[in-house]
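# A structural walkthrough
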Amino acid sequence: MKAVINMDTGTRVKDKRAMSHTNISYATTLHNTFLLGYLDHNTGTSATPSEARQRVLYELANARVWNVQQHIDWDMSKRSSAFPECKSDDPLDTYPPYQSLSREQRHALSWLRHAMELSDILHGEQAALLLSAQLLSVVPNAAARLFMSSQVSDEARHVDFFTQYMVAAKLPVSPPNDQLARLIHDALQSPDWRYKFSVCQVLIESLALARFRELKSISSIPALQQGLALILQDEARHVKFGTDTLHEAFTELTPEERELRGSHLLHSALLLIDTTHSSAALAREVRWDAAHLRLHLRQYRIRHPEIARQRLRQLSLNMSSAGLMTDNIRKRLERITNPTNS
Ligand SMILES: [Fe+2]
Ligand SMILES: [Fe+2]
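The helix and strand tally for the protein stands at 13 helices and 3 strands. Its C-alpha atoms put the protein at 70 × 50 × 40 Å along the principal axes. Out of the 342 residues belonging to the protein, those deemed buried represent 30%.

This is how it looks when you write it as structure tokens:
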């Protein structure tokens, strides 16, 4: 029997179902509504402009359903010889302990780093699957629920794709770091649907869009490139739906509430893109000095502020669309993405 950590109490309980990892337990209470206005929406005459847009996105989702087995070429013949990513600039390229490794060692290490990143992506997709399933019964109108049903199905397909990719590429799945586990737990457990929505549709989706675009352009594995291209189309729909719906849901917010919610999202995003945890895990694996590696990566980030700019750009756009970008948050973002000016 494996232990399951209760994130509230920190205690461990025995669970027969947990097979190989420590699971994240949560409990939530949501105020749900069973809607009865079917005919109002079917006539199309009483739909609001935002409901009409939600309906269009739902139809688009139906037209673009893809299949993990049929639409992906699962030939993994490049797995054994190629590095997973072909990028011109890697922060480790200038790190002396990395430079002293043989090609075989660097090849093994690059796949290990890839496995760690893909693990976090898989956890993020599962979080999006469970959050969108919770939101299906909470979003306020029939058109939004139809769209959420398509998102649940999309996220299930994303979980399936990344799971199958990990299996095909023989990559081990590592557990989420404490920050990611805490964010997933808190969002799933929150009774506030707007909070769940902003974590799922703005935070997770924005960071995913930015990173998926980057990964798609540098991946050397055709299956991953094909899957990411299809997933990017799905995620773009989710973001559009999410920011439109939140913009309406947040019209009543006071400036203070807006600031609080926006600050929390930015703070969470900075924790998620922070590489401290992954560099510590990497240092453990290859027995490098973790503090030395962290310092090297920090100096690299300072020399390359465009990395943080690129990763946070989509979040900034989506927070603005959702109505969560205040002057203070914009200034903080500018300081973070231009560190030499601060
Ligand atoms: Fe997804
Ligand atoms: Fe999504």
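What follows covers the environment of Q126. Position of Q126 relative to the elements: it lies in helix α4 (residues 103-136). C-beta crowding within 10 Å serves as the criterion here: with 19 such atoms nearby, Q126 is assigned to the partly exposed category.

A word on the environment of V139. For V139, the location among the structural elements is in the loop between α4 and α5 (142-168). Spatially, the C-alpha atoms of V139 and D90 are 42 Å apart, while their sequence positions differ by 49 residues. Not counting the four nearest positions on each side in its chain, V139 is found in contact with A144, R145, M148 and T245.

A few words on the packing of α4 against helix α6 (residues 178-189). Where α4 contacts α6, the axes come no closer than 10 Å and their chain directions differ by 5°. Here α4 lies roughly parallel to α6, going by the angle between them. Contacts between α4 and α6 involve D120, H123, A127, L130 and L131 from the first element and L180, I184, A187 and L188 from the second. Residues belonging to the contact of α4 with α6 are distributed by class as follows: 7 nonpolar, 1 polar and 1 charged.

A few words now on unusual backbone geometry. Generally, phi is negative for residues other than glycine and the peptide bonds are trans, each holding for most cases. The phi angle at K170 is positive, at roughly 55°, despite the residue not being glycine. Residue R287 is not a glycine yet carries a positive backbone phi of 60°. For R287, the position within the fold is in the loop between α10 (276-286) and α11 (290-303). Owing to 8 C-beta atoms within 10 Å, R287 belongs among the exposed residues under this scheme.

Interaxial distance between α4 and α10 falls to 11 Å at its minimum, and their mutual angle equals 140°. With respect to α10, the axis of α4 lies oblique. For the element pair α4 and α10, the recorded crossing hand is right-handed. Contacts between α4 and α10 pair L109, L112, R113 and M116 from the former with S278, A281, L282, E285 and V286 from the latter. For the contact of α4 with α10, the class distribution of residues is 6 nonpolar, 1 polar and 2 charged.

Mapped onto the elements, Y38 comes out in helix α1 (residues 38-42). Sequence-wise, Y38 and N141 are 103 residues apart; in three dimensions their C-alpha atoms are separated by 10.0 Å.

The tendency in soluble globular proteins is for nonpolar side chains to be buried as a group. Within the largest apolar cluster, 60 residues are counted, with the highest numbers of intra-cluster contacts made by L131, F147, A187 and I204. Here the element with the most residues in this core is helix α7 (residues 193-218); it accounts for 11 residues. For F147, the residues in contact, after removing those within four places along its chain, are Q54, L57, Y58, A61 and F241.

This brings us to the confidence of the model for the protein. When pLDDT is averaged along the protein, the result is 88; 90% of the residues meet or exceed 70. Across the protein, the secondary-structure element scoring lowest on mean pLDDT is strand β1 (residues 2-6), at 36, and the one scoring highest is α5, at 97. A low-confidence stretch, residues 1-19 stays under pLDDT 50, and its non-local contacts, those more than four residues away or across chains, total 30 contacts.

Cut-offs and rules
- Along each chain, numbering runs from 1 in the same order as the chain's sequence is written.
- To label them, take the chains in the order written and letter them from A, then take the ligands in the order written and number them from 1.
- Thresholds applied to this predicted model are a pLDDT of at least 70 for local features of residues and 80 or more for the giving and counting of side-chain atom pairs; totals over whole chains, interfaces and linings are not thresholded and use all residues.
- What counts as a helix is a DSSP run of H or I of at least four residues, what counts as a strand is a run of E of at least two, and both are numbered from the N terminus.
- For the exposure call, what matters is how many other C-beta atoms sit within 10 Å of a residue's own: 20 or more marks it buried, 12 or fewer exposed, and in between partly exposed, using C-beta atoms placed from the backbone.
- Here, residues touch in the contact sense if the C-beta positions derived from the backbone fall within 7 Å of one another.
- Axis definition: a line fitted to C-alpha atoms, over the contacting stretch in the case of helices. Angles run 0 to 180 degrees between N-to-C directions.
- For classification, angles of less than 35 degrees are called roughly parallel, those exceeding 145 degrees roughly antiparallel, those between 65 and 115 degrees roughly perpendicular, and all remaining angles oblique.
- Gly is put with the polar residues, along with every residue not named as nonpolar or charged; the nonpolar set is Ala, Val, Leu, Ile, Met, Phe, Trp, Tyr, Cys and Pro, and the charged set is Asp, Glu, Lys and Arg.
- In this scheme the crossing of two helices becomes right-handed for a clockwise turn of the near helix relative to the far one and left-handed for an anticlockwise turn of less than a right angle.
- The nonpolar core is taken to be a set of buried Ala, Val, Leu, Ile, Met, Phe, Trp, Tyr and Cys residues joined by way of C-beta atoms within 7 Å.
- Confidence scores labelled pLDDT are given residue by residue by the predictor and lie between 0 and 100.

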